[in-house]
Amino acid sequence: MAAVQVAGSVPCRQPRETPREATPEGSSGFRRLSARLCALRPDDSSSARTEIHLLFDQLISENYTEGSCVAAEDVSALLVQACQLVPLNQNHLVSKVSQLIHHLLNRLQVIVDEQHLDFLLAYTISAIHQCSSWTYMEILQALAALVYCNGSKCQKYLPELLGKTGLLLKLSDLAQSDPEVRRAAVHCMANLCLSVPGQPYLEEPYQNICFQAFLTILQSPKSSDMDDITFCMLLQNALKGIQSLLNGGRMKLTQTDELGALLAVLKKSMFHGLPGLNIEMPTVLYPTPLPQYDGRTPIKPQQSESSTSRPTLNKKKKSKVKPKKIQQGEEEEEKESSGEVEAAPVTGTGRVSLHEGNTWCPSSLGVQSLPLDGSGAAGRDGVSSPFSSSSWKRVSSSESDYSDAEGGMQSKMRSYQAKVRQGALVCFLSTIKSIEKKVLYGYWSAFIPDTPELGSPQSVSLMTLILKDPSPKTRACALQVLSAVLEGSKQFLSVAEDTSDHRRAFTPFSVMIASSIRELHRCLLLALVAESSSQTLTQIIKCLANLVSNAPYNRLKLSLLTKVWNQIKPYIRHKDVNVRVSSLTLLGAIVSTHAPLPEVQLLLQQPCSSGLSSSNSATPHLSPPDWWKKAPAGPSLEETSVSSPKGSSEPCWLIRFCISTVILPKEDSCSGSDASSAAGSTYEPSPMRLEAFSSLPNDRQILCITVLLGLNDSKNRLVKAATSRALGVYVLFPCLRQDVIFVADTANAILMSLEDKSLNVRAKAAWSLGNLTDTLIVNMETPDPSFQEEFSGLLLLKMLRSAIEASKDKDKVKSNAVRALGNLLHFLQPSHIEKPTFAEIIEESIQALISTVLTEAAMKVRWNACYAMGNVFKNPALPLGTAAWTSQAYNALTSVVTSCKNFKVRIRSAAALSIPGKREQYGSVDQYARIWNALVTALQKSEDTTDFLEFKYCASLRTQICQALIHLLSLASASDLPCIKETLELNGNMVQSYILQFLKSGAEGEDTGAPPSLQERDQMVRMALKHMGNVQAPTGDTARRAIMGFLEEILAVCLDSSGSQGALPGLTNQ
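As the structure is a computational prediction, the values presented were derived from the model and not from experiment.

1. Let's talk about the overall build of the protein chain
Moving on, step 1. Within the protein chain, the secondary structure is distributed over 48 helices and two strands.
Moving on, step 2. The proportion of buried residues among the 1070 residues of the protein chain is 54%.
Moving on, step 3. When contacts within the protein chain are restricted to residue pairs at least 6 apart in sequence, long-range pairs at least 24 apart make up 76% of them.
Moving on, step 4. Total accessible area computed for the protein chain in this model is approximately 46,400 Å², and 53% of it derives from carbon and sulfur atoms.

Okay, here's the thing in structure tokens:
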């Protein structure tokens, strides 16, 4: 067995973290130990085994700091060398080398490259086959670290791992005697399911195998030989695996039983370990508008008695929820994560008790951001919270994190249970995004509360978590799930009605939905009063805004909006800026709800002081009393906002408040009330407005630009993200966008941020790159060509390469990356396109756009890809029509226009198909025919949708398709006419009726800007008719005459039908 030589003298590479100076201790220690290991040769002697043991121990105990300059390739090569030194018959050494693999890959955040992965996987799988069972735990941990983000590179080992007799299936089975081994095997499966953008997903058969395994684990009760913490970790890994399948694997839940079984286990897991609650769920939830079976275990009478001993209370004695005093950030976070924040016990009625002494005050630390993709190094060990972007740092096998001083085992237990609930909620959110809303609403009553009958307990629902969970992170996640359920529910909720009393033997569906809406209002307002975490408070207000935007208040009894209005008014002066912003958003939703509602009109006439200065419990974090001293000189808002008589031209208090907020100077201090939000608020400034920037002296403008470009190198990712965003705003300023040097410097800064490890930084950088390329297009349209001539071709090449890579990233990055690609390809000059260096990159760019148009990504991404493709077609210098990619591009767009379920994407693809201005740009006769037929088919299917949310875009889609068809007619050659004639013979009446609608109606193009006027539409048809008259058709060809007759008939019918209203412009000479 030959030893693998590790290049210990390889120059230190920059780590993938934010650039910083290397820490010599960590990297030099690694190189020294690596060199010693490389010097060893396989030897079965006792002394050699002892030396290898010691070397492994030293490598594991080495202090690898975050900035250790250790290359991933060096780590992979070292692990291969270590495995080659350890024969599989040495159980202790195999266990130790497995610990080394697990430790180094986690500690240094290394993903093994494909070159070394094959050997290491073969070694670990062989070790499981040949070694004693007591080594399985360490070997499986090593295997989990190896396959993390490498699932697509493990294809040849999948049958052995996940086949019918696969190792992981056998070791994760319920019959497995060792609970730790079972948990580790499930962890391996979860890491295998984790996909990486741009790489193949796990094959469907293996997806189904893993899904069923995870589902079985979540359905099974805890075995007697498994401790509570191991059980929690097992559930977390199973939930993470299902989340990865739904997010990255794009797994589709098409079977009712499959979806119902998943929702049943998710609902059960959502309440795992919640104090005072233990529910039993059926194996499958079935879609039904009726309340679901709720098998809660009855709460002990003593608990119920203690919670409900005071059935009535004086309103004056209503407890005031005081915010917890902010301690050191780390201490607060530890208290929250360990579950030390107490919650009100669950009473028999399932309602939150706000009695004095029974009020819970959650930790003031909530969730600032909830990454839902489960990505990050935390996934390697599978026990960290899915909500913490840096939680991998806290993964530890040591029990010292939970010493007796910090709460002991009970605190640790509560922390793990909370993470299970959070994982279930995140998984539920992924489920919501992977199924159609009409399917989701069949399970409405299983997750959304209904007003309970008098004396009966309220069923457990998402509101149970929002009101009673002791963890702010869990409450915030439950609110995010509820918002996702409510989003786009307007059509579903529109059936609600409770304006009249229903005296019937049964409860109508409309009354049941109205009851749910009322209960959501009641519970969310209770949560608003009780919440002390600013981040969770922001989520509550956003959820209320979502509810207000979708509820049919014109069909509900009065007072719902009034209650929300009065409760939220104090929060517009909250000390946290995010709470203030979301409060204004909610007020805006109320004002625009089913306007004009008399209830809203009355609310707007209330004086501003009504509710703003009250000292009730709904104002836990008001700004200082002198907050309004910053207002401009003049009468105070309260003085000028008292109800004015009807007919007064004085604007209402809300308008005056918004105006004063806009013109007030920015507060000096950070306005975040929580430790975790302080940094975020400081580093998310609103970029300077154009008017302010233009008014600055030249030297101050240069200073602003210099500071921004310098901050782009910051090691703090929040600073870097905010800087990227600000540069994206500056580059749009007219006074800067024609400065070639500034645009080039900004481009280089943005491209550097696009390579950052933080998704937030990359997303902001991609947005700014899109803005920068918009600037290139604006500059292209100016008469002065100097900008195009001076802009560096090498920089353009670099921007194209970066945009191509970014188009393979997450959807947040991808949507703006494809926008930038389209703009860049539009901007390319003939001098660029002629160069051989650009030929390959242009091909790659267009292929990236084509694959994005066809991918199952978010609709925003596909919309931007279609928009970008239209921009590509606008560049006359590109070989559209003759290049090999022409047919691929058109086929992608025609596929979308006929089959995409999102009508806005269809509209954009139809708009792109109507952009080329010359017949030769549409390619061959066959290609032209395919485009024509696809548009006719799309017109025919323009009303075929099962999603009621898409109906409002039907008219816009037909407008755009008709415009594209007329455009194609105005360019058709003699060879194209037979195909057009054949289509019109089959579908002429349908096409004619829609084109007549296009000519006569004022349907707006909601997705493609201002639609053509009626006169312009008429002129388009006339131009097509004139073009047909000029086409030189072969003798005896009847196609041209048939098409001209078709167009003439359209114009004649249009003239006749509009005669009573006056002839359309241009038709009087017909």
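2. As for the packing of helix α3 (residues 72–85) against helix α5 (residues 114–130)
Moving on, step 1. In the contact formed by α3 and α5, the axes pass within 10 Å of each other and the chain directions differ by 35°. Regarding α3 and α5, the two cross each other, and that crossing is left-handed. Each of Glu 73, Ser 76, Ala 77, Leu 79, Val 80, Cys 83 and Gln 84 in α3 lies in contact with α5, whose residues at this interface are His 116, Phe 119, Leu 120 and Tyr 123.
Moving on, step 2. Across the contact of α3 with α5, the residue classes break down as seven nonpolar, three polar and one charged.

3. As for the nonpolar core
Moving on, step 1. In terms of nonpolar packing, the biggest core is built from 177 residues, with Leu 140, Leu 168, Phe 214, Trp 444 and Leu 482 touching the most fellow members.
Moving on, step 2. Per-domain counts for this core show at least three residues from each of domain 1 (29–271) and domain 2 (652–659 + 684–791).
Moving on, step 3. Setting aside anything within four residues of it in sequence, one finds Trp 444 in contact with Val 485, Leu 486, Phe 492, Leu 493, Ile 513, Ser 516 and Leu 520.
Moving on, step 4. Membership of the second largest hydrophobic core comes to 124 residues, among which are Ala 806, Val 818, Leu 825 and Val 991.

4. As for the state of the cysteines
Moving on, step 1. A complete count under the given rule lists zero disulfides for this structure.
Moving on, step 2. The thiol of Cys 210 is not disulfide-bonded; the next cysteine sulfur, from Cys 193, is found 3.7 Å away.

5. Notes on the confidence of the model for the protein chain
Moving on, step 1. Of all residues in the protein chain, 74% have pLDDT values of 70 or greater, and the mean over the chain is 77.
Moving on, step 2. Across the protein chain, the element-wise mean pLDDT spans from 35 in helix α29 (residues 675–682) up to 95 in helix α34 (residues 740–753).
Moving on, step 3. Within the model, pLDDT remains below 50 along residues 381–406, and this stretch shows 58 contacts once partners closer than five positions in the same chain are excluded.
Moving on, step 4. Across residues 665–686, confidence stays below pLDDT 50; counting only partners more than four residues off in sequence or on other chains, it has 50 contacts.

6. Here's the deal with the pattern of salt bridges
Moving on, step 1. Evaluation of the coordinates by the stated rule reveals 18 salt bridges.
Moving on, step 2. The residue Asp 57 makes a salt bridge to Lys 96 at a minimum N-O spacing of 2.8 Å. Of this pair, Asp 57 sits in helix α2 (residues 46–61) while Lys 96 sits in helix α4 (residues 91–107), and the two are 39 residues apart along the sequence.
Moving on, step 3. For Asp 57, a relative accessible area of 34% puts it in the partly exposed group.
Moving on, step 4. On the basis of relative accessibility, which here comes to 13%, the residue Lys 96 falls in the buried class.
Moving on, step 5. The partner of Lys 981 in a salt bridge is Glu 985, with the nearest N and O atoms 3.8 Å apart. In this pair, Lys 981 and Glu 985 both sit in helix α46 (residues 977–1000), four residues apart, roughly one turn of the helix.
Moving on, step 6. The exposure class of Lys 981 is partly exposed, given its relative accessible area of 22%.

7. Some words on helix α37 (residues 793–806)
Moving on, step 1. Its 14 residues give α37 an end-to-end C-alpha distance of 20 Å, which sits within 8% of 20 Å, the value for a rise of 1.5 Å per residue.
Moving on, step 2. Restricting attention to buried positions, one finds in α37 the residues Gly 793, Leu 795, Leu 796, Leu 797, Met 799, Leu 800, Ser 802, Ala 803, Ile 804 and Ala 806.
Moving on, step 3. Looking at the buried positions of α37, the neighbouring elements they touch are α34, α35 (759–780), α38 (811–827), α39 (830–833) and α40 (836–854).

8. Some points on the packing of helix α22 (residues 509–530) against helix α24 (residues 560–568)
Moving on, step 1. Between α22 and α24, whose axes approach to 11 Å, the crossing angle comes to 10°. One finds that α22 runs roughly parallel with respect to α24. Contacts between α22 and α24 involve Arg 518, His 521, Leu 525, Leu 528 and Val 529 on the former and, on the latter, Leu 560, Lys 563, Val 564, Gln 567 and Ile 568.

9. As for the side chain of Ser 582
Moving on, step 1. Inspection of the secondary structure assignment puts Ser 582 in helix α25 (residues 577–591).
Moving on, step 2. On the accessibility criterion, Ser 582 (4% relative accessible area) is buried.
Moving on, step 3. A distance of 3.0 Å separates a polar side-chain atom of Ser 582 from the backbone oxygen of Val 579.
Moving on, step 4. Each residue touching Ser 582, except ones within four places of it in the same chain, is listed here: Thr 538, Ile 541 and Lys 542.

10. Describing unusual backbone geometry
Moving on, step 1. Of note, Gln 109 is a non-glycine position whose phi angle comes to about 55°, a positive value.
Moving on, step 2. Positionally, Gln 109 belongs in the loop between α4 and α5.
Moving on, step 3. If you check the backbone angles, Ser 559 has positive phi at about 95° while not being a glycine.
Moving on, step 4. Structurally, the position occupied by Ser 559 is in the loop between α23 (534–550) and α24.
Moving on, step 5. Residue class for Ser 559 comes out partly exposed when judged on its relative accessible area of 30%.

11. Structural notes on a nonpolar patch on the surface
Moving on, step 1. A surface patch of nonpolar side chains, amounting to about 250 Å² of accessible area, comprises Leu 703, Val 707 and Leu 711.
Moving on, step 2. Mapped onto the elements of the fold, Leu 703 is located in helix α31 (residues 698–711).

12. Quick word on the packing of aromatic side chains
Moving on, step 1. Counting across every chain of the model gives 15 aromatic pairs.
Moving on, step 2. With 4.5 Å between their ring centres and 15° between their planes, Tyr 441 and Phe 492 make a pair best called stacked. Taken together, the positions of Tyr 441 in the loop between α17 (437–440) and α18 (444–447) and Phe 492 in helix α21 (residues 490–493) put the pair 51 residues apart, joining distant regions of the chain. With respect to burial, Tyr 441 and Phe 492 carry one shared label: buried.
Moving on, step 3. Their ring planes at 10° and their centres at 5.6 Å tell us that Trp 863 and Tyr 867 sit as a pair that is stacked.

13. Remarks on α34
Moving on, step 1. A rise of 1.5 Å per residue sets the reference length of α34, with its 14 residues, at 20 Å; its end C-alpha atoms lie 20 Å apart and thus fit the reference within 8%.
Moving on, step 2. Residues Val 740, Phe 742, Val 743, Ala 744, Thr 746, Ala 747, Ala 749, Ile 750, Leu 751 and Ser 753 constitute the buried set of α34.

14. Regarding the environment of Asn 712
Moving on, step 1. Counting through the fold element by element, Asn 712 comes out in the loop between α31 and α32 (717–730).
Moving on, step 2. Spatially, the C-alpha atoms of Asn 712 and Ser 753 are 7.6 Å apart, while their sequence positions differ by 41 residues.
Moving on, step 3. With sequence-adjacent residues up to four places away left out, Asn 712 is seen in contact with Lys 720, Thr 723, Ser 724, Leu 727, Ala 749, Met 752 and Ser 753.
Moving on, step 4. At a separation of 3.1 Å, a polar atom in the side chain of Asn 712 contacts the side chain of Ser 753.

Conventions we followed
- Residues numbered from 1 in each chain as written.
- Predicted model: local features only at pLDDT ≥ 70, side-chain atom pairs only at ≥ 80, totals over all residues.
- Heavy atoms only, no water.
- Helix = DSSP H or I, 4+ residues; strand = E, 2+ residues; numbered from the N terminus.
- Buried < 20%, exposed > 50% of the residue type's maximum accessible area, 1.4 Å probe, protein only.
- Contact = heavy atoms within 4.5 Å.
- Areas by Shrake-Rupley, 256 points an atom, 1.4 Å probe, with all protein chains shown as cover.
- Axes fitted to C-alpha atoms, helices over the stretch in contact; angles between N-to-C directions.
- Left-handed = near helix turned anticlockwise from the far one by under 90°.
- Nonpolar A, V, L, I, M, F, W, Y, C, P; charged D, E, K, R; others polar.
- Core = buried A, V, L, I, M, F, W, Y, C linked by side-chain atoms within 4.5 Å.
- Domains from an automatic or database assignment.
- Disulfide = S-S within 2.5 Å.
- pLDDT = per-residue confidence, 0-100.
- Salt bridge = Lys/Arg side-chain N within 4 Å of Asp/Glu carboxyl O.
- Expected span 1.5 Å × (residues − 1).
- Parallel < 35°, antiparallel > 145°, perpendicular 65-115°, else oblique.
- Polar contact = N/O pair within 3.5 Å; in protein donor to acceptor, adjacent residues only side chain to side chain.
- Patch = residues over 30% accessible without salt bridge, like charges linked within 9 Å, V, L, I, M, F, W, Y side chains within 5 Å.
- Phe/Tyr/Trp six-rings, centres within 6.5 Å; stacked < 30°, edge-to-face > 60°.

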